[in-house]
Amino acid sequence: PGAMAAKLLSVEVKEAGHPSVLFTLDSPVAHKVFTLTNPDRVVIDFVDTSLAVNLSRVNLGNQLINEIRSGHPNPHTLRLVLEVNQRVKTKTYPL
């Protein structure tokens, strides 16, 4: 496989107002977001992206997110899984 197109540089959880998770990447990437239940979780797939942040150091706050972990459903996709403690609705937008 060739070099990944983007790096995920940071993950920031914001709890004030509408809880949100801010992902900082070094270039725009295609992504998709979906939710799963039992247990409730939010899954974000980033295309051609490498993980350049230590997820265990992310401050998850204390309200909604129990854990963030990463995986690779295929060699070209970085998957982040956010374990949440209730069902959530998701929407994404670039900043």
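Refer to the structure above for everything that follows.
Residues numbered from 1 in each chain as written. Predicted model: local features only at pLDDT ≥ 70, side-chain atom pairs only at ≥ 80, totals over all residues. Heavy atoms only, no water.

**Quick word on the sheet that holds strand E6 (residues 65-74)**
Inference 1: Strand order in the open sheet made by the four strands is E3-E4-E7-E6, with antiparallel pairing throughout. The open sheet has two edge strands, strand E3 (31-36) and E6, and neither has a second partner. For this sheet the average axis-to-axis angle between neighbouring strands, irrespective of direction, equals 20°.
Inference 2: Taken together, the six bridges between E3 and strand E4 (residues 41-47) define a ladder with antiparallel strand orientation. By the bridge assignment, Phe34 is partnered in E4 with Val43. (Pairing = 2+ DSSP bridges. Helix = DSSP H or I, 4+ residues; strand = E, 2+ residues; numbered from the N terminus. Axes fitted to C-alpha atoms, helices over the stretch in contact; angles between N-to-C directions.)

**Let's talk about the nonpolar core**
Inference 1: Judged by nonpolar contacts, the single largest core of 19 residues is most densely connected at Val11, Ile65, Ile68 and Leu80.
Inference 2: Of all the secondary structure elements, the ones that give two or more residues to this core are strand E1 (6-14), E4, E6 and strand E7 (77-84).
Inference 3: Discounting chain neighbours no more than four positions away, the residues touching Leu80 are Leu8, Val11, Phe23, Val42, Val43, Ile44, Phe46, Leu51, Leu55, Arg69 and Ser70. (Core = buried A, V, L, I, M, F, W, Y, C linked by side-chain atoms within 4.5 Å. Buried < 20%, exposed > 50% of the residue type's maximum accessible area, 1.4 Å probe, protein only. Contact = heavy atoms within 4.5 Å.)

**Describing the pairing of E4**
Inference 1: Counting buried positions over the seven residues of E4 gives six, a clear majority of the element.
Inference 2: Linkage of E3 to E4, two consecutive antiparallel strands, is achieved through a turn of four residues, within which Asn38 is found at a positive phi near 55°.
Inference 3: Sheet analysis places E4 next to E7, joined by seven bridges and oriented antiparallel. Residue Val42 lies in a different strand from E7, and its bridge partner there is Leu82.

**What about the packing of aromatic side chains?**
Inference 1: Counted according to the given criterion, the structure contains one aromatic pair.
Inference 2: Between the aromatic rings of Phe23 and Phe46, the centroid separation amounts to 5.4 Å while the plane-to-plane angle is 70°, which identifies the pairing as edge-to-face. Within this pair, whereas Phe23 is found in strand E2 (residues 20-25), its partner Phe46 is found in strand E4, the two being separated by 23 residues in sequence.
Inference 3: Judged by relative accessible area, which is 3%, Phe46 ranks as buried. (Phe/Tyr/Trp six-rings, centres within 6.5 Å; stacked < 30°, edge-to-face > 60°.)

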